[in-house]
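Observations on chain architecture
Residues per chain are reported as follows:
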Amino acid sequence: MKNIRLSSICALLIAAAALLTATGARATVVDLITGDSGTITNSYGTAIFEFTQPQPTGTGYIKPFLRVQNDPNEQGYNTSGGTPFDDKAGPWTHDLTFADLMTTAVTIGGQNYFKLLVDINEPGGSKSTLSLDQLQFYTSKVGSQTTTSISSLGTLRYSFSPGDQVLMDAARNHGSGSGDMFAYIPVSAFAGTAATDFVYMYCAFGGTDPSQGGFEEWTLVVNPIPEASTIFPIVGLLAAVFSTQFVRRRQLQQVSK
């Protein structure tokens, strides 16, 4: 009887563990077709995906680092070495360093993130939706790679879990050239990365909602450089502080003589 009870308890524990594992591995779908934002949380941290109102995305406004185009599915990663997948050749698909990525750092709710923008280019009507089915970031000392073995790109820093998706609708904006989504990737996932390391971002579209239009492009959302009008008052304040300290030193020197 004891053996039977032990076997039953073991079976229940195994079943409970399997249920917990299945629950923990549940996929997250962020719906930006009808919603405005959502998060995907896994062992790499919490990433935020946010619908954006039309942004100026033409050449001169942004500097894309990755363009991909194919149908019904498309994938690729940024590199200056060539076009290993559906990457589009040209100046808008190229290497990035971690120093480049660091220029996009923002703080939301006390957490630090790297901010990127994706502009999707899909037809109108019922064909305007598109799914982002994988998003991964790797870092490496080696630039311009062209491998088709994604896992060999370097150290995996961030990834969707199996089944995770972001659903988008190009019709919510004005099509290509409007910008469609901000992606906020947790800075904590890149701990130990050197500024000179290369960053590879791999993406895959069209698994659920196929790609049927032009290219999708990614760009860094670089923090603006403060305008001169905001810098000069600070410089003036510093100059006033230092001149006051200088005058006080001179006065103390005269008193001590």
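Look up: the structure comes first, before these words.
The notes below deal with the structure included here. None of these values were measured; they are calculated from a predicted model. (Residues numbered from 1 in each chain as written. Predicted model: local features only at pLDDT ≥ 70, side-chain atom pairs only at ≥ 80, totals over all residues. Heavy atoms only, no water.)

Examined against the element boundaries, S131 turns out to sit in strand β9 (residues 129–140). Overall, the relative accessible area of 0% leaves S131 in the buried class. Here D209 takes part through its backbone nitrogen, which lies 3.2 Å from a polar atom of the side chain of S131. (Helix = DSSP H or I, 4+ residues; strand = E, 2+ residues; numbered from the N terminus. Buried < 20%, exposed > 50% of the residue type's maximum accessible area, 1.4 Å probe, protein only. Polar contact = N/O pair within 3.5 Å; in protein donor to acceptor, adjacent residues only side chain to side chain.)

Let's shift gears to the packing of aromatic side chains. Applying the stated rule across the entire model yields 13 aromatic pairs. Here Y77 and F85 contribute two aromatic rings whose centre-to-centre distance is 6.2 Å and whose plane-to-plane angle is 70 degrees, an arrangement assigned as edge-to-face. A relative accessible area of 22% places F85 in the partly exposed class. Counting every residue linked through ring pairs, the aromatic cluster contains Y44, F49, Y158 and F160. Above the plane of the ring of F182 lies K115, whose end atom (NZ or CZ) is 4.2 Å from the centre. One residue, R172, lies across the ring of F51, its end atom 3.7 Å from the ring centre. (Phe/Tyr/Trp six-rings, centres within 6.5 Å; stacked < 30°, edge-to-face > 60°. Lys NZ or Arg CZ within 6 Å of the ring centre and 35° of its normal.)

Inspection of the secondary structure puts S128 in the loop between β8 (111–119) and β9. In this structure the side chain of S128 is engaged in a polar contact, spanning 2.5 Å, whose partner is the side chain of D169. When sequence neighbours within four positions are dropped, the list of residues in contact with S128 reads E122, P123, M168, D169, A170 and A171. (Contact = heavy atoms within 4.5 Å.)

With that out of the way, let us pick up the environment of L220. Checked against the element boundaries, L220 lands in strand β14 (residues 216–220). The class of L220 is buried, set by a relative accessible area of 15%. Placed 106 residues apart in sequence, L220 and F114 show a C-alpha to C-alpha distance of 8.5 Å. Residue contacts for L220: discarding those within four places in its chain leaves F65, L96, D100, L101, T104, K115 and L116.

Next up on the list: the nonpolar core. F49, V166, M181 and W218 are the most contacted members of the largest nonpolar core, which totals 35 residues. Among the nonpolar cores identified, the runner-up in size contains seven residues, and Y138, L153, Y200 and Y202 belong to it. (Core = buried A, V, L, I, M, F, W, Y, C linked by side-chain atoms within 4.5 Å.)

For the rest of this paragraph, the subject is the pattern of salt bridges. Two side chains with opposite charge may pair up if their charged atoms get near one another. With the rule as written, the count across this model stands at three salt bridges. Across the salt bridge formed by E217 and R67, the nearest N and O atoms sit 2.8 Å from each other. Taken as a pair, E217 in strand β14 and R67 in strand β4 (residues 64–68) lie far apart in primary sequence, 150 residues in all. Each member of the pair, E217 together with R67, is buried. The salt bridge partner of D197 is K141, with a shortest N-O separation of 2.8 Å. You can see D197 sitting in the loop between β12 (181–186) and β13 (198–205) and its partner K141 sitting in the loop between β9 and β10 (155–159), a full 56 residues away along the chain. (Salt bridge = Lys/Arg side-chain N within 4 Å of Asp/Glu carboxyl O.)

Turning to its location among the elements, Q75 is positioned in strand β5 (residues 74–77). On a C-alpha basis, the gap between Q75 and G206 in space is 8.8 Å, while along the polypeptide they are 131 residues apart. Within the structure, the side chain of Q75 is placed 2.4 Å from the side chain of Y202, a separation counted as a polar contact.

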